[in-house]
Amino acid sequence: MSAFLAFLLGVAVTGVALPALNWARKRIIRHRSSATLEDNQVTTVGQVLHLAVQGSPTGVTVLDRGGEVILSNARAHEMALVHDRTVNEQVWKVAGEVYADKEARSLDLTMPYRRTGNRVSSVRALIKPLTLIDDRFVIVYGTDESENVRMESARRDFVANVSHELKTPVGGMALLAEALMEEAEDPEHVAYFGERIHKEAHRMAGMINELISLSKLQGAEPLPEMEPVSVDDVIDEAFRRNQVAADNADITLTKGADSGVLVVGDRSLLVTAVSNLISNAINYSPQSVPVSVSQKVANKDVVLIRVTDRGIGISPEDQKRVFERFFRVDKARSRSTGGTGLGLAIVKHVVANHGGNIKVWSRPGTGSTFTIELPIHHPTPEPPAVAAAGQDDETGSTGTLRQAVSRVATRRKDKAS
């Protein structure tokens, strides 16, 4: 009898203990899986592929036959292959041809408008079937060809520009030298022609130096390393470079209040750009008329640097060409000031290389305002310890993705146990 009671007691204890043990085992498994996911939160090949595509420097877009964007990464949006889940019209047109014959095709895209902060201006798109087994999808690979296009343009234009523009000073120097030799016995003529030759030589040297600078900016050499630069310091240094010229013309340089804004760029190039604008404003302004420089923050992401003069102004038809190499609004004034016609072209390329834009407003007889738009540098804040759960991750944010993977993997292991 006592043995039977002991048996019943053992069964009761086992019935109570087994659920408790099972619950404890699940808790242990859950904690172990969470700890594993915290150490290595990318657990599947699918997650690896997703992160690889989103972080790729190549734009990737997958389309179906209806033009629906099945997959796209952030780089594809920067290259304008996709905008707001809508494929680029030119890309979709070529994709239709790929669907028809299953042959890969390439397409060169030129950005019609450069957003401030976006340095992509030329894109090569390769459109091909995703797989020959399933003809429902095509994939688009985009590569940034902006640097290659800049370099090709520099190589193509440099010889033509140099040969055209250097003919004038070289020919002038030859004529002056001949006149000098003919009047070698006349000290007054020797001094006059010698001074003219000296002036033309300096003008040609300045033109060559600016051509070299322009060729570097257009891609003949790689761009310098960028770093945070103070806009206030850039304007102050540009003022110092032009103070003597302004004093000689009895022109007062004025500037607005400091903004404390930073941009990512090369300080010397930015100073050159602003200095060129101030120099032009001085050269094209009457004596004793002030030249002003102001800065303004727009939309918290863009800083506007404005250089304003009250000079002769620029006609509407010339405003379209004012940033071309060797273009001069007033050729006679350019010759008297030693201008080469390259200053604004250099400004344009410096600004473009910094992901910005430059605009001009002018009215003949009233003056001109040149505006440089540059993206503001916002120092990256320290990331939070834990990202908010449930946040949408269209841009490939790894933090949100890893949290989702952790939750799914934990639920799967709980069900399996």
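Residues numbered from 1 in each chain as written. Predicted model: local features only at pLDDT ≥ 70, side-chain atom pairs only at ≥ 80, totals over all residues. Heavy atoms only, no water.

- The name given to the protein chain in an unreviewed UniProt entry is Sensor-like histidine kinase SenX3, with Corynebacterium pollutisoli as the source organism.
- On record in UniProt, under Cofactor (unreviewed entry), the comment for the protein chain is "a divalent metal cation". (UniProt positions renumbered as here; feature names shortened; annotations may be inferred.)

## Thoughts on the overall build of the protein chain
Phase 1 of the analysis: If you tally the helices and strands in the protein chain, you get 12 helices and 14 strands.
Phase 2 of the analysis: For the protein chain, the proportion of its 417 residues judged to be buried stands at 38%.
Phase 3 of the analysis: A separation of at least 24 residues holds for 63% of the contacts in the protein chain among residues at least 6 apart in sequence.
Phase 4 of the analysis: Looking at the protein chain as shown, the accessible area adds up to about 24,300 Å², and 56% of this sits on carbon and sulfur atoms. (Helix = DSSP H or I, 4+ residues; strand = E, 2+ residues; numbered from the N terminus. Buried < 20%, exposed > 50% of the residue type's maximum accessible area, 1.4 Å probe, protein only. Contact = heavy atoms within 4.5 Å. Areas by Shrake-Rupley, 256 points an atom, 1.4 Å probe, with all protein chains shown as cover.)

## Quick look at the sheet that holds strand S5 (residues 105-110)
Phase 1 of the analysis: Strand order across the open sheet formed by five strands is S2-S1-S7-S6-S5, with antiparallel pairing between neighbours. The open sheet terminates on both sides in strands that have one partner only, identified here as strand S2 (69-72) and S5. Each strand of the sheet is rotated relative to its neighbour by a mean of 20°, with strand direction disregarded.
Phase 2 of the analysis: When strand S6 (residues 122-129) meets strand S7 (residues 137-144), the two strands line up antiparallel, connected through seven bridges. When the bridges of S7 are listed, Pro 129 appears paired with Val 138.
Phase 3 of the analysis: Lying on the sheet, helix H4 (residues 89-101) is in contact with strand S1 (59-64), S5, S6 and S7; it crosses S5 at an angle near 175°. (Pairing = 2+ DSSP bridges. Axes fitted to C-alpha atoms, helices over the stretch in contact; angles between N-to-C directions.)

## Remarks on the pairing of strand S14 (residues 367-375)
Phase 1 of the analysis: The element S14 is extensively covered by neighbouring structure, given that eight of its nine residues are classed as buried.
Phase 2 of the analysis: Pairing of strand S12 (residues 302-309) with S14 involves eight bridges; the strand directions are antiparallel. Looking at the pairing, Val 303 lines up with Leu 374 of S14.
Phase 3 of the analysis: Here seven bridges tie strand S13 (residues 357-363) to S14, and the two strands are oriented antiparallel to one another. If you follow Trp 361 over to S14, its bridge partner there is Thr 369.
Phase 4 of the analysis: As consecutive antiparallel partners, S13 and S14 are separated by three residues, and within that stretch Gly 365 has a phi angle of approximately 85°, a positive value.

## A closer look at the side chain of Ser 275
Phase 1 of the analysis: Counting through the fold element by element, Ser 275 comes out in helix H8 (residues 267-283).
Phase 2 of the analysis: Look at Ser 275 and you get buried, because its relative accessible area is 9%.
Phase 3 of the analysis: Not counting chain neighbours up to four residues away, the residues in contact with Ser 275 comprise Ala 238, Arg 241 and Asn 242.

## Describing the side chain of Asp 232
Phase 1 of the analysis: By secondary structure assignment, the location of Asp 232 is in helix H7 (residues 231-248).
Phase 2 of the analysis: The charged side chain of Asp 232 is buried without a salt bridge, its nearest counter-charge being Lys 255 at 6.3 Å.
Phase 3 of the analysis: In terms of polar contacts, Asp 232 uses its side chain to reach the side chain of Gln 295, at 2.9 Å.
Phase 4 of the analysis: Setting aside chain neighbours within four positions, we find Asp 232 in contact with Asp 258, Ser 259, Gly 260, Val 261 and Gln 295. (Lys, Arg positive; Asp, Glu negative; His and termini not counted. Salt bridge = Lys/Arg side-chain N within 4 Å of Asp/Glu carboxyl O. Polar contact = N/O pair within 3.5 Å; in protein donor to acceptor, adjacent residues only side chain to side chain.)

## A word on the pattern of salt bridges
Phase 1 of the analysis: Scanning all chains against the criterion turns up 12 salt bridges.
Phase 2 of the analysis: A salt bridge links Arg 75 to Glu 78; the shortest N-O distance between them is 2.5 Å. Taken together, the residues Arg 75 and Glu 78, both in helix H3 (residues 74-78) and three residues apart, mark about one turn of the helix.
Phase 3 of the analysis: The class of Arg 75 is partly exposed, set by a relative accessible area of 21%.
Phase 4 of the analysis: The exposure class of Glu 78 is partly exposed, given its relative accessible area of 35%.

## Examining the sheet that holds strand S9 (residues 253-255)
Phase 1 of the analysis: Taken together, five strands build an open sheet; the order of strands is S9-S11-S12-S14-S13 and the sheet is mixed. The open sheet has two edge strands, S9 and S13, and neither has a second partner. When the angles between neighbouring strand axes are averaged without regard to direction, this sheet yields 15°.
Phase 2 of the analysis: Bridge analysis of strand S11 (residues 291-298) against S12 gives seven bridges, and the strand direction is antiparallel. Of the residues in S12, the one forming a bridge with Ala 298 is Val 302.
Phase 3 of the analysis: Helix-sheet contacts for H7 involve S9, S11 and S12, and the interaxial angle to S9 is about 170°.
Phase 4 of the analysis: Against the sheet, helix H11 (residues 343-353) engages S13 and S14, with an angle of about 25° to S14.

## Concerning unusual backbone geometry
Phase 1 of the analysis: Within the chain, Lys 102 stands out as a residue other than glycine whose phi angle is a positive 60°.
Phase 2 of the analysis: Here Lys 102 shows up in the loop between H4 and S5.
Phase 3 of the analysis: Judged by its relative accessible area of 38%, Lys 102 is partly exposed.
Phase 4 of the analysis: Despite not being glycine, Lys 300 shows a phi value in the positive range, around 65°.
Phase 5 of the analysis: Tracing the backbone through its elements, the reader meets Lys 300 in the loop between S11 and S12.

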